[in-house]
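# Survey of secondary and tertiary structure
Okay, here's what each chain looks like letter by letter:
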Amino acid sequence: MDPSTVFDERIYLTPNKPRIRKIANRFIDAKVTEDAFYICDVGEIITKHNEWVSQLPRVKPFYAVKCNDSRIVLRTLAGLGVGFDCASKTEIKKVLELEVDPSMIIFANPAKQNSHVRTAAEYNILKMTFDNANELYKIKAYHPSAKLVLRIRCDAEKAQCQLGMKFGVKVEEAPTLLELAKSLGLDVIGVSFHVGSGCMDPPVFDRAIKSSKWLFSVAKEMGFDMNLLDIGGGFPGNRGTSIQEIATVVNGSLAVHFPEGCGVEIIAEPGRFYVAAAFTLITLVHSVREIKGKEEEGENDSFMYYINDGVYGSFNCVVYDHAIVHPETMKRNTGPTYECSIWGPTCDGFDLVCPSEKLPKIKMGEWIMFSNMGAYTIVAAGTFNGFPVPKIHFVASYEAWTTLKEFTSPEEFVTNNIPILMKAGVGYNRDAIGWDRVVGAAGPGSCLTQFEQQAQPVLCESPSGNFSDF
Ligand SMILES: Cc1ncc(COP(=O)(O)O)c(C=O)c1O
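Here the structure is a predicted model, which means the values were calculated and not measured. (Residues numbered from 1 in each chain as written. Predicted model: local features only at pLDDT ≥ 70, side-chain atom pairs only at ≥ 80, totals over all residues. Heavy atoms only, no water.)

## Concerning helix α1 (residues 20–29)
Within α1, seven of the ten residues are buried, which leaves it mostly tucked inside the rest of the structure. Turning to α1, its buried residues number three or more, namely I20, R21, I23, A24, N25, F27 and I28. On the buried face of α1, the contacting elements are β1 (11–14), β2 (37–41), β13 (279–291), β15 (327–329), β18 (367–370) and β19 (391–397). Of the residues one or two after α1, K31 is the one with positive phi, at around 55°. (Buried < 20%, exposed > 50% of the residue type's maximum accessible area, 1.4 Å probe, protein only. Helix = DSSP H or I, 4+ residues; strand = E, 2+ residues; numbered from the N terminus. Contact = heavy atoms within 4.5 Å.)

## Topic: the sheet that holds strand β9 (residues 187–193)
Strand order in the closed barrel made by the eight strands is β3-β4-β5-β6-β7-β9-β11-β12, with parallel pairing throughout. The mean inter-strand angle of the sheet, taken between neighbouring strand axes irrespective of direction, is 30°. The pairing of strand β11 (residues 228–230) with strand β12 (residues 265–268) spans three bridges and is classified as parallel. The residue of β12 that forms the bridge with L229 is I266. (Pairing = 2+ DSSP bridges. Axes fitted to C-alpha atoms, helices over the stretch in contact; angles between N-to-C directions.)

## Some thoughts on the site of the ligand
Around the ligand, the surrounding shell holds 16 residues, and the nearest of these are D85, S197, E269, G271 and Y376. Separating a nitrogen atom of the ligand from a side-chain N or O atom of E269 is a distance of 2.6 Å. Residue Y376 places a side-chain N or O atom 2.5 Å away from an oxygen atom belonging to the ligand. Out of a free accessible area of 400 Å², the ligand has 93% covered by protein chains. Structurally, the ligand is housed in the largest pocket. (Near = heavy atom within 4 Å. Polar contact = N/O pair within 3.5 Å; in protein donor to acceptor, adjacent residues only side chain to side chain. Areas by Shrake-Rupley, 256 points an atom, 1.4 Å probe, with all protein chains shown as cover. 1 Å grid on protein atoms, 1.4 Å probe; cavity = no way out; pocket = protein on both sides within 12 Å on 5 of 7 lines; lining within 4 Å. Sits in = over half its atoms within 2 Å of the grid points.)

## Regarding the packing of aromatic side chains
Using the criterion set out here, one finds 16 aromatic pairs in the structure. Plain terms: the ring middles of W52 and F235 are 4.8 Å apart, the flat faces sit at 75° to each other, and that makes the pair edge-to-face. Residue W52 is located in helix α2 (residues 42–55), and its partner F235 is located in the loop between β11 and α9 (244–257); the two are separated by 183 residues in the primary sequence. Here W52 and F235 have matching classes, each one buried. Centre to centre, the rings of F303 and Y338 are 5.7 Å apart; their planes meet at 90°, and the pair counts as edge-to-face. On the criterion of sequence distance, the pair formed by F303 in strand β14 (residues 302–307) and Y338 in strand β16 (residues 338–343) is long-range, its members being 35 residues apart. Judged by relative accessible area, which is 4%, F303 ranks as buried. Overall, the relative accessible area of 22% leaves Y338 in the partly exposed class. By the ring-pair criterion, three or more aromatic residues cluster together here, those being W52, Y63, F193, F205, F235, F273 and Y274. (Phe/Tyr/Trp six-rings, centres within 6.5 Å; stacked < 30°, edge-to-face > 60°.)

## Points about the pairing of β9
In regular strands, side chains alternate between the two faces of the sheet. The element β9 is extensively covered by neighbouring structure, given that six of its seven residues are classed as buried. Taken together, the six bridges between strand β7 (residues 147–152) and β9 define a ladder with parallel strand orientation. Following the sheet pairing, I152 is matched in β9 by F193. Pairing of β9 with β11 involves three bridges; the strand directions are parallel. Within β11, the residue paired with S192 across the bridge is D230.

Pasting the structure below:
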């Protein structure tokens, strides 16, 4: 059987919060694939959104598509009413394909290619950032009716990825750009900044908001009527992290500089916050090199493990995103641990995923998993040396499904490898699953027959596929 008939882009429903390790072990035991694979808990994205709304109620999120552009991620966020920060015409088109309104997109790349600006104009994407004079001439030529957002520089003292060396005008130089925009007849509607991705300096948001406020007053004197503040990204997303500390600073600073009722819309461009924790990568240890420790010097044996995804694939995050990743064994093992390093599958010595870890002894053919792999991983992964980018399998709890079903068609869900439409007996009645919205479903079983036909091969040949006990 072609494994792709089992693992496709449908969302597998589990009665409770998906237990990723258990689901992954089931996939592995089923011997369906020897390639690395992802499991994405879509419910995690909904949880993050709820956290955002409760922590930053005044700030409307525009998700940074560059972080993870998986269709189900984008569709889920669109369904939740989140806007999008796009960096290119391809990202713009990808979001528009989901029938997102152009007003929900900001083209937040301060250095855009002409053709991309033309695409923005063609699709009526109005909001776009800029930070230099030449960009203004470009926008004047290709999209003169754009609503411009001036990106200023304000760097976190400590961040996983600094961005200020590339983008953002110094705030004291910003008025000159506003003067130029005025003389070109361009409309500048607001100010943006990005303090750095993976910000570890929450007070920087206060400094940046204060500077923005100053620029708002300067702009007002020049005759601009600014009404948008974009506080960028920088919010943490890994398991166990919280945006509370940043939110406290942001909310306090907004209350002082942009109080409620001031007429300024506040938006942000969170990326990793939404997706980092939702994705777990599971990789096969296909080769092991044992390094004998010198007994006479009291040295223990150590190991080099070779896995089937590396820095040219998902673990490009180690290089570009300065991520530090940690493996976990598939079985909770409390036995002795040994020093080891973990290497990717290519023939390049640079392909080192973890230089130094302590793990129980791992045999060839065992799998290891990496949590928090949703941000800046798959999007930038390549197939160097012929190794594929891992496939993503989506799961969600029944509880998450009650939200997802509002904007996802019923046939995209499965329980026990059976399309949910078949599962009148899984605790949902036909009305609850939107039965009446499915063309033909209201008729005497026509749609059911179609799904029965599709489901049978999956049902019969699925090696295990029963998710109901997770
Ligand atoms: C313009 C812009 N907005 C938003 C983001 C997302 O940042 P983060 O993932 O830190 O939230 C980035 C990341 O590089 C960016 O360049």
